[in-house]
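# Structural overview
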Amino acid sequence: MIRFLTSSVAVLLLMSCSPKSLRGLEQIPVTESVYTVKYFSDPAIDYVYKTSITIYGKSFGGILIAKKTATETHRIVFTTEFGNKLFDFELQDGNFKTNFILDELNRPIIIKTLQADFKLLFREKFAIDEQYSDGQNSILLSEDNNRRNILFVDKASGNLTKLVHASKSKDKIILDYLAETTTFAAGVSISHRDIKLHIDLRRMD
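Thresholds applied
Residues numbered from 1 in each chain as written. Predicted model: local features only at pLDDT ≥ 70, side-chain atom pairs only at ≥ 80, totals over all residues. Heavy atoms only, no water. Salt bridge = Lys/Arg side-chain N within 4 Å of Asp/Glu carboxyl O. Helix = DSSP H or I, 4+ residues; strand = E, 2+ residues; numbered from the N terminus. Buried < 20%, exposed > 50% of the residue type's maximum accessible area, 1.4 Å probe, protein only. 1 Å grid on protein atoms, 1.4 Å probe; cavity = no way out; pocket = protein on both sides within 12 Å on 5 of 7 lines; lining within 4 Å. Points joined across faces, edges and corners; volume = space filled by probe spheres on them. Nonpolar A, V, L, I, M, F, W, Y, C, P; charged D, E, K, R; others polar. pLDDT = per-residue confidence, 0-100. Contact = heavy atoms within 4.5 Å.

### Comments concerning the pattern of salt bridges
Opposite charge on two side chains lets them pair, provided their charged atoms get close. One pass over the structure, following the stated rule, counts 12 salt bridges. Ionic pairing is found between Lys58 and Glu104, a salt bridge with its closest N-O pair at 3.5 Å. Highlighted residues: Lys58 in strand 4 (residues 58–70) and Glu104 in the loop between strand 7 (95–101) and helix 2 (108–121), separated in sequence by 46 residues. We classify Lys58 as partly exposed; its relative accessible area is 42%. Ionic pairing is found between Asp144 and Arg123, a salt bridge with its closest N-O pair at 3.6 Å. Of this pair, Asp144 sits in strand 10 (residues 137–144) while Arg123 sits in the loop between helix 2 and strand 8 (125–127), placing them 21 residues apart in sequence. Accessibility expressed as a relative area gives 27% for Arg123, which makes it partly exposed.

The structure is reproduced here in structure tokens:
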């Protein structure tokens, strides 16, 4: 009985220290040491999306244009449909630069949150530490300092369908992809578990 209780407590502790996205999954051998996200990686393409951002009860709609301008460098510009700029960011080698942001959005917590979202959205390389399976997806875990990135890759198509940024025990940021091919996402939805922020991107034809 004591041995059973000890084992049960150990399992419960292990579950409480795992992000929700990994609980109950089968761990399998890692098949690749690095996973590359190709959705926004082609410098010849202007990635243009009809976009809505809802943050702390306020909504902003318009067009987001993303461009890979150099190795590990992306320019992200969000405008109204009439062409008025709402923000203009640049990501370069993990560094985040604000070229412009509307006064209504110019709050440290908003900029910090958007920075975290866009760093995840445009990141190309993830070193893989563990791998799991839920039957339909290969689930790749990448340690990220004191956080974890969890990537869901559909086994049949090879498309990345979800990316979860988590603490040791909780999912924090979730990116859901509407994948057209392994190299192009027709849509992306970004949601947060702890704050009221949601970003929805839909490709413009």
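### Some thoughts on the layout of surface pockets
Within this model, the largest pocket holds a volume of roughly 500 Å³. Lining the largest pocket are 21 residues, and of these Gly94, Lys119, Leu120, Arg123 and Glu124 lie nearest its centre. Counting residues per element, the ones that place at least two in the lining of the largest pocket are strand 5 (73–79), strand 6 (85–92) and helix 2. Examining the composition of the lining of the largest pocket, we find that 3 residues originate from one element, helix 2, more than from any other. Of the residues in the lining of the largest pocket, the class split is 5 nonpolar, 7 polar and 9 charged. Each pocket or cavity is described by its volume, and for the second largest pocket that value is around 390 Å³.

### Comments concerning the confidence of the model for the chain
In the predicted model, the chain carries a mean pLDDT of 90, and the fraction of residues at 70 or more is 92%. The low-confidence segment residues 4–16 (pLDDT under 50) makes 3 contacts with residues lying over four places distant or belonging to another chain.

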